[in-house]
Amino acid sequence: MSVPFTCSVFIGVSLDGFIAREDGDLEWLVSRGEAAGGDLGYDAFISGIDAVVTGRGTYEAGLSFETWPHEGRHCAVLSTTLEEGADPRITVYRDLGSCLKGLTERGAKGVYVDGGQVIRTFLREGLIDTMTITTAPVLIGSGLPLFGPVGGDVPLVHVSTRTFGAGVVQSTYAVERRD
Ligand SMILES: NC(=O)c1ccc[n+]([C@@H]2O[C@H](COP(=O)([O-])OP(=O)(O)OC[C@H]3O[C@@H](n4cnc5c(N)ncnc54)[C@H](OP(=O)(O)O)[C@@H]3O)[C@@H](O)[C@H]2O)c1
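Residues numbered from 1 in each chain as written. Predicted model: local features only at pLDDT ≥ 70, side-chain atom pairs only at ≥ 80, totals over all residues. Heavy atoms only, no water.

Quick look at the packing of aromatic side chains
Here's step 1: Following the criterion strictly, the structure yields six aromatic pairs and no others.
Here's step 2: With 5.7 Å between their ring centres and 70 degrees between their planes, Phe10 and Tyr42 make a pair best called edge-to-face. Here Phe10, found in strand 1 (residues 6–14), pairs with Tyr42, found in helix 2 (residues 42–46); they are 32 residues apart in sequence, far enough to count as distant.
Here's step 3: For Phe10, a relative accessible area of 11% puts it in the buried group.
Here's step 4: An angle of 75 degrees between the planes, with centres 6.2 Å apart, marks the rings of Tyr59 and Trp68 as edge-to-face.
Here's step 5: You can call Tyr59 buried: its relative accessible area is 9%.
Here's step 6: On the basis of relative accessible area, Trp68 is assigned to the buried category, the value being 14%.
Here's step 7: By way of ring pairs, the aromatic residues Phe10, Tyr42, Phe45 and Tyr112 are connected into one cluster. (Phe/Tyr/Trp six-rings, centres within 6.5 Å; stacked < 30°, edge-to-face > 60°. Helix = DSSP H or I, 4+ residues; strand = E, 2+ residues; numbered from the N terminus. Buried < 20%, exposed > 50% of the residue type's maximum accessible area, 1.4 Å probe, protein only.)

Set out below in structure tokens:
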């Protein structure tokens, strides 16, 4: 599938591949990110982003943050259940096709794809260009996974790896587009 914008992932995981505990808890990640110091490259990453696509799970988790995390950027939320128009800060899309069409019509250039299910959806369609994965040095045993079935091997090119304090390691990969 071809789209006129880039799609990037920037996400934190446990060493065993989870993005949150099953109940949504992120303390194991946030505490280690804070111990690592700095913004772990987020500000540089987000400066190249003009639109965000999240799943309903990630959108709802963000509602508990002190400030709206996507201020100044178009925020598309994929959901079959969220009421359209319930939150003026977001645009709800019922499926991937309408979301991609909406982003294209808005002239999006750099799209941040966030949320485990949504990232896997984009990966399956060959839409992700780069993934920056920040790994916290902890095994949490179970939780919400980052990866899962992606409909065939996804070849990656290693771009860089950085090590931060507190044993936090960040690697960036480029994904070979399959279109
Ligand atoms: N570690 C990190 O850096 C990080 C980053 C982001 C999020 N998180 C955490 O991850 C958790 C959420 O991740 P998640 O994997 O459970 O969920 P998610 O991808 O954020 O959201 C899943 C939901 O998105 C909707 N969805 C996904 N694909 C869709 C499609 N193709 N068409 C229509 N709707 C679609 C569905 O909503 P409906 O059920 O409404 O249809 C689905 O239940 C939260 O706890 C959040 O805090 C962690």
